[in-house]
Amino acid sequence: MLLRACTEIGRLARSILADRRANFTVMAALSAPVALALAAVAIDEASIYAERREAQAMVDLAAITAASNITNVDTAVVTTLTDNGMPGVVVQGSGQTIAPAVGKTVVTVTPGRYAASTANVSQRFQAGVTPYNAVHVTLKKIPARYFASSLIPSPVIGTEATASMTPQATFSVGSRLLSVNGGILNALLSGLLGGNISLSVMDYNGLIAADVSVLSFIDGLATQLSLTGVTYSDVLASKATVGQIATAMANVPGLGNTAKVALQSIASKSTSTFKIPLNKLVDLGSVGSLALGQRPAGLGVDASAMGMLTAAAVLANGTNQAQVNLGATVPGLLSTALNIAIGEPMQSSPWLAVDGIGTVVRTAQTRIKLVATVGVGTPSLGGGISLLAVNLPLNVEVAYAEAKLTDITCPTGPSSIKVSIAAHPGIASLHLANSNSSGFGDFSQPQTFTDAEIADVSLKLLLINIPLIQVMGSAATAITNNSPTTLTFDATDIANKTIKTVSTRNISQSLTTSLVSNLSLSVNALGLGIDVTALLGTVKPAVVAVLNGVTAPVDDLLYNVLSALGVGVGQADVRVTGATCGRSVLVQ
C-alpha cells in the first residue's frame, strides 16, 4: 500500500514537472515585487532628474536677476525663485548652516567680481571683491518622492550658477580751453611736434567744439597701418605717428570742415616721426574685443578732437620735454621762454577709457618753467634809485588729475541711468624762484628752489654811482587736494556730453598775483654802506607793481599751455560721452 502511494506520488511529481503550462504566471507572480520596486525607483529618479533640471533653470534665472539688481541681491533671488514656484526659500547667511527639508529650499547668494580675462576659469569669480559685477547663487532642496522613498535614501538636489553684468561708460579727464590764444598754442604744438604749426583761433575753436567717434577713428588708423581682419584691441596694440593719427581723425565721418582742415594741416606739417603706443592714448576695455566695423550696443564712444590731438602731441614728444621761445609776443613782457616737462600718468593710464566700474583715467604730471623779462616803464624811483630790470622766474608743477568710475546704475531702465565719477584735480605748486635745471625732467625727484634775481637796481649816493645791485627773492604757494569729489551724470548729461568740473578750492585771485603778494626780497649790500631797509622799502613796491601789471597775461599764458596739455591748476574737467548698464548673462 505504501509502495503504491509512493509510486503515485512520484508519477504525479513527474507529471507536474513535465507540464509547462502557467509557468509565466508563476514567474510573474514571483518577480512582480522586484519589478514594481525597480519601476518605483526609475520613476522617482526620472522625477528627480527633471526636478534638478528645473531647479538649475530657476537658479540660472535667479542669478541673472540678482546680477541685474546688484545692490539688492538677496531679495532678487528670493523673489525670482518664489515667483517660479520654488517652495519655502530661505537665504543662508555667511557662517550659517541650514539643512534643506521637504518644503524648504536653502539658497546662498554671494556677490563678487567676475573677470573674464583671468586664465584660470575657477578663479574668474572672486567672492566679496568690490566693486560687485557678478553674483554666485547656490540652491539645495529635497526633491519630491512618489514611490521609492522607503527603498532609497532621500537625495539633496544641489545646483549653482554665476551671472555677471558689466555696465560700461566712456569717460575722460582733462582741462578744457574756454578761451584761445592761437600764438601760444601754435608755439606749443610746434615745440611738441616739430615743424611749423600755424592754426587760426577759428581752427582751434573748431577742434575744441568737435567730437570724433573713437571707433571710426581706429577704423581709419587700421587702414593706414594696413591691418585687416583684426579687433580694435589689435589696432591699439600697434603704434602710429601723430601725422597718421591726425589724418585718421580728419577722415572720421561727420567731422566739421573747420576741424577737418585743421587736422589735415597738422598732419602735413608735423615732422615728428616718433611712433605713439596707441594703447596709451585710448583704453577700450572689453569693447576692444569687437572686430573692426562692429559697434557696442547702446554705448557711444566719442572723444574731444582737441583732447585727443593734444594727448597725441604729448605722447609724440619722445623726450617728454619741449622748449618754446615766445620772444616779446606776451603783452608787458620783453622776452619769454618756456620749458615744459611732461611725465607719464601713473600706471600709464590713458586720458580716455571705455570700461566698467573701477576704471581710472589720469592726466600727466606736468612741469613748466617760465623765465620772462618784464618791462619796467619809468625806471627812476626817486632818491637816486633806478629800477633797471625786473625778472619773472616762474615754476609751476601740477600733479596728475584723476577720475575713477565708481558706479553705474539703471534703477528703472536705460533712461534712468546714472554714472558716478570720483574725481580730484592734481596738487599744484608754484614758485617764484630759481630751480635746478638738471632735474627738471626727473619726476621721481622733487625740484629744489633757491632765491632768484628778481630785480636789478642802480643807486646814486652823493657822487658815487653804484650801477648794479641785485635784488634777490622768492615766493611759493600751493593748491592742495584732500579727497575726491563725486560727480553724477544722468542720461541728459551723457546725451549732451556735458562737462563737469571739480575744483580743489575757489581760486579768488590769479595764480601769479598770489605769488607776487607773498614775494620776499633781499639785497646783498654788505660793505657798501647802504641802508638795505630803506632801499627795499622803495624797491619792493615798485617791483610788485611791475609784476602785478603782467599777472593777467602771464596767467593767460599758463592757462593756455596747461589746458592745451590737458592739465588744469586746481581743477579737472570730466565728461561722460556714453554709458550702458549692459545685460546680465550667465558666465558659469
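Scroll up a little and you will see the structure.
Below is a summary of the structure that appears in this document. (Residues numbered from 1 in each chain as written. Predicted model: local features only at pLDDT ≥ 70, side-chain atom pairs only at ≥ 80, totals over all residues. Heavy atoms only, no water.)

**Notes on the nonpolar core**
Put simply, the rule is: Nonpolar cores were defined as sets of buried Ala, Val, Leu, Ile, Met, Phe, Trp, Tyr and Cys residues, with membership established by side-chain atoms within 4.5 Å. When a residue's accessible area, from a 1.4 Å probe over protein chains only, is under 20% of the maximum for its type it is buried; when over 50% it is exposed; and in between it is partly exposed. Each helix is a run of H or I in the DSSP string that is no shorter than four residues. Each strand is a run of E no shorter than two, and both are numbered from the N terminus. Two residues qualify as a contact provided that any one of their heavy atoms is within 4.5 Å of a heavy atom in the partner residue.
Phe217, Ile245 and Leu284 are the most contacted members of the largest nonpolar core, which totals 113 residues. Among the elements that make up this core, the one with the highest residue count is helix α10 (residues 305–316) (10 residues). Residues in contact with Phe217, not counting those within four places in the same chain, are Ile245, Ala248, Met249, Val252, Leu281 and Met308. Leu487, Phe489, Ile494 and Ala572 belong to the second largest nonpolar core, which has 46 residues in total.

**A word on helix α6 (residues 214–224)**
Most of α6 sits out of view: eight of its 11 residues are buried. Looking one or two places after α6, you find Ser226, whose phi comes out positive at around 60°.

**Side note on the sheet that holds strand β27 (residues 499–503)**
Short version of the rule: Two strands qualify as a pair provided DSSP detects at least 2 bridges between them.
As summarised here, the arrangement of the five strands in space is β10-β14-β6-β29-β27, forming an open sheet in which the pairing is mixed. If you trace the sheet from one side to the other, it starts and ends with β10 (282–283) and β27, each paired once. Both strand β6 (residues 168–174) and strand β29 (residues 571–580) contribute to a ladder of seven bridges, which runs antiparallel. Note that in β29 the partner of Ala169 across the bridge is Ala579.

**Structural notes on the pattern of salt bridges**
The cut-off we apply is this: Salt bridges are defined by distance alone: a side-chain nitrogen of Lys or Arg within 4 Å of a carboxyl oxygen of Asp or Glu.
Inspection of the entire model under this criterion finds eight salt bridges. Ionic pairing is found between Lys141 and Glu51, a salt bridge with its closest N-O pair at 2.7 Å. Residue Lys141 is located in strand β4 (residues 134–141), and its partner Glu51 is located in helix α2 (residues 23–68); the two are separated by 90 residues in the primary sequence. Judged on exposure class, the residue Lys141 and its partner Glu51 are both buried. In this structure, the salt-bridge partner of Asp211 is Arg575, at a minimum N-O distance of 2.7 Å. Of this pair, Asp211 sits in strand β7 (residues 211–213) while Arg575 sits in strand β29, and the two are 364 residues apart along the sequence. Among the residues examined, Asp211 registers a relative accessible area of 27% and is labelled partly exposed.

**A word on the packing of aromatic side chains**
Here is the rule we go by: Stacked, tilted and edge-to-face pairs are distinguished by plane angle, under 30 degrees for stacked and over 60 for edge-to-face with tilted covering the rest, among Phe, Tyr and Trp rings (Trp via its six-membered ring) whose centres lie within 6.5 Å. By definition, being over a ring means that NZ of Lys or CZ of Arg is both within 6 Å of the ring centre and within 35 degrees of the ring normal.
Counted according to the given criterion, the structure contains zero aromatic pairs. Above the face of the Phe489 ring, Lys500 is positioned so that its terminal group lies 5.0 Å from the ring centre.

**Observations regarding the packing of α6 against helix α8 (residues 242–250)**
Put simply, the rule reads: Axis angles are defined between N-to-C directions and span 0 to 180 degrees, where every axis is a line fitted to C-alpha atoms and, for a helix, only to the segment in contact. With respect to orientation, any angle under 35 degrees is reported as roughly parallel, any angle over 145 as roughly antiparallel, any angle of 65 to 115 as roughly perpendicular, and every other angle as oblique. Crossing handedness is defined as follows: a turn of the near helix away from the far one that is anticlockwise and smaller than a right angle gives a left-handed crossing, while the clockwise case is right-handed. In this classification, the charged set is Asp, Glu, Lys and Arg, the nonpolar set is Ala, Val, Leu, Ile, Met, Phe, Trp, Tyr, Cys and Pro, and all remaining amino acids, among them Gly, are polar.
It is the contact of α6 with α8, at a shortest axis distance of 8 Å, that shows an interaxial angle of 125°. The orientation of α6 with respect to α8, classified from their angle, is oblique. At the point where α6 passes α8, the crossing takes the right-handed sense. Together, Phe217, Gly220, Leu221 and Gln224 of α6 and Gln244, Ile245, Thr247, Ala248 and Met249 of α8 make up the contact between the two elements. Here the contact of α6 with α8 is composed, by residue class, of five nonpolar, four polar and no charged.

**Some points on the pairing of strand β2 (residues 105–114)**
With eight of 10 residues buried, β2 is to be regarded as a mostly interior element. The pairing of strand β1 (residues 89–91) with β2 spans three bridges and is classified as parallel. Residue pairing across strands places Val90 opposite Val106, the latter belonging to β2. For β2 and β4, the ladder comprises seven bridges, and the chain directions are antiparallel. Paired with Thr108 across the strands is Thr138, a residue of β4. Bridge analysis of β2 against strand β3 (residues 125–127) gives three bridges, and the strand direction is antiparallel. Within β3, the position partnered with Tyr114 by the bridge is Phe125.

**Examining unusual backbone geometry**
Positive phi, normally seen in glycine, also occurs at Ser226, with a value near 60°. Tracing the backbone through its elements, the reader meets Ser226 in the loop between α6 and α7 (232–236). Overall, Ser226 belongs to the exposed group, its relative accessible area being 61%. Unlike most non-glycine residues, Lys497 shows phi in positive territory, near 55°. In this structure, Lys497 sits in the loop between α11 (491–496) and β27. Taking the relative accessible area as the measure of exposure, Lys497 reaches 24% and is therefore partly exposed.

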